[in-house]
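# Summary of the model geometry
Spelled out from the first residue to the last, the chains are:
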Amino acid sequence: MYIGLDIGGSAVKGVLADGNGRLLGFAEINTPGKIKEFEQDIIKLVDSLTVMASIGKDGIKCIGIGAAGSIDRKRGVIIKSANIRFLDGYRIVKKIEKSTGIKTVLENDATAAAMGVWWVEGGSRYSEWILMTLGTGIGGGLFIGNSIYTGSSGNSMEIGHMTIDYNGKKCNCGSSGCLERYASATAIVESAESLIGEYPSSSIIKRTMNEKLSSRIIYEEAMNKDRLALRVFNEASTCLGYGVANLINIFNPEAIFFGGGLSGAREIMMPVVKKTVKKRIMPGMGTSTKYIVIRNFKTTPALGAAKIAMDSVSNP
Ligand SMILES: [Zn+2]
């Protein structure tokens, strides 16, 4: 059996899986705010997964980690994490191996998610395809000729940081005008906050009297036809469309899979994305590209990390 961990900006998800991708256990924690708590909580999460299997740690062959940001796979180090800053330079593989005694491997979180889509969400039915993860930030994965493409150091497809506005908003990555500054869940909340003054009768104002503003609230109010929420989603979806059009022009994929919290807003986002894409791609491109929203994005990336763990044991 294998453990997969998906370390994201807001949550850490863990799964226990067998060699066929069967989900045997799931646990989730909020991403801790400090390194010390982070270390303790990750170990607790691994322990709780082994308890679930009632097999003890010897039954776990390998732990796979998908971590947000750029990583050094060989050294097992998180080089730069745009959304969890205290992990910059963190030797995560060494730490986990030392505390658990289980072999551990590290991958970029979006690569792990793409492996999960290939394993349990039907990605293996296509040869050329892209995954876009729409959450706190925007990540991506790419399959070419039914094999994952990860770049020379394992950090390709940082599609959230493609420039869509050369004079645009500053980004945590150090650049500006990045796609995720306009079309991620974080960007949607920021955009609603900055425009709320223009919409004194918006239902969002009432919703946020006792509740913190979230992309979920904005989505729900957009479904209720609130004008502010619709404007925010329309702008974000248009920007997402620029990103998708760039990807289609470059890769000419058979399918694009969408995952992450924001992909649940498909009814309002996808029509605008498709309309924008149509205007911006080369003639003859993208006409047969399929848009697929992943069914269970809660566990898919962690399952992909477990698959990477399994592959590292069978083809070390
Ligand atoms: Zn950026």
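The structure contained in this document is the topic of the report that follows. From a predicted model like this one, the values you see are computed outputs, not experimental measurements.

### Remarks on the sheet that holds strand β4 (residues 62-67)
Overall, mixed pairing links the 5 strands, which are arranged β3-β2-β1-β4-β7 in an open sheet. Strands with a single pairing partner mark the edges of an open sheet, and in this sheet they are β3 (23-30) and β7 (104-108). Strand-to-strand twist of the sheet, defined as the mean angle between neighbouring strand axes without regard to direction, takes the value 15 degrees. Looking at chain direction, strand β1 (residues 2-7) and β4 are connected through 6 bridges and run parallel. Its bridge partner being in β4, Y2 is matched across the sheet by C62. Across the sheet, helix α1 (residues 35-53) is in contact with β1, β2 (11-17), β3 and β4; its angle to β3 comes to roughly 155 degrees.

### Description of the packing of α1 against helix α2 (residues 92-100)
It is the contact of α1 with α2, at a shortest axis distance of 11 Å, that shows an interaxial angle of 55 degrees. By the angle class used here, α1 and α2 are oblique. For α1 against α2, the interelement crossing comes out right-handed. For the pair α1 and α2, the contacting residues are E39, I42, I43 and V46 in the first and K95, I96, S99 and T100 in the second. Considering only residue class, the contact of α1 with α2 consists of 4 nonpolar, 2 polar and 2 charged.

### Here we look at the pairing of strand β6 (residues 77-80)
In this structure, strand β5 (residues 70-72) lies alongside β6, joined through 3 bridges in antiparallel fashion. Residue pairing in the sheet places I71 in a bridge with I78 of β6. Here β5 folds back onto β6 in antiparallel fashion, the turn holding 4 residues, of which G76 has a positive phi close to 70 degrees.

About the thresholds
- Residues numbered from 1 in each chain as written.
- Predicted model: local features only at pLDDT ≥ 70, side-chain atom pairs only at ≥ 80, totals over all residues.
- Pairing = 2+ DSSP bridges.
- Helix = DSSP H or I, 4+ residues; strand = E, 2+ residues; numbered from the N terminus.
- Axes fitted to C-alpha atoms, helices over the stretch in contact; angles between N-to-C directions.
- Contact = placed C-beta atoms within 7 Å.
- Parallel < 35°, antiparallel > 145°, perpendicular 65-115°, else oblique.
- Left-handed = near helix turned anticlockwise from the far one by under 90°.
- Nonpolar A, V, L, I, M, F, W, Y, C, P; charged D, E, K, R; others polar.

Any link to function would need more than the numbers given here.
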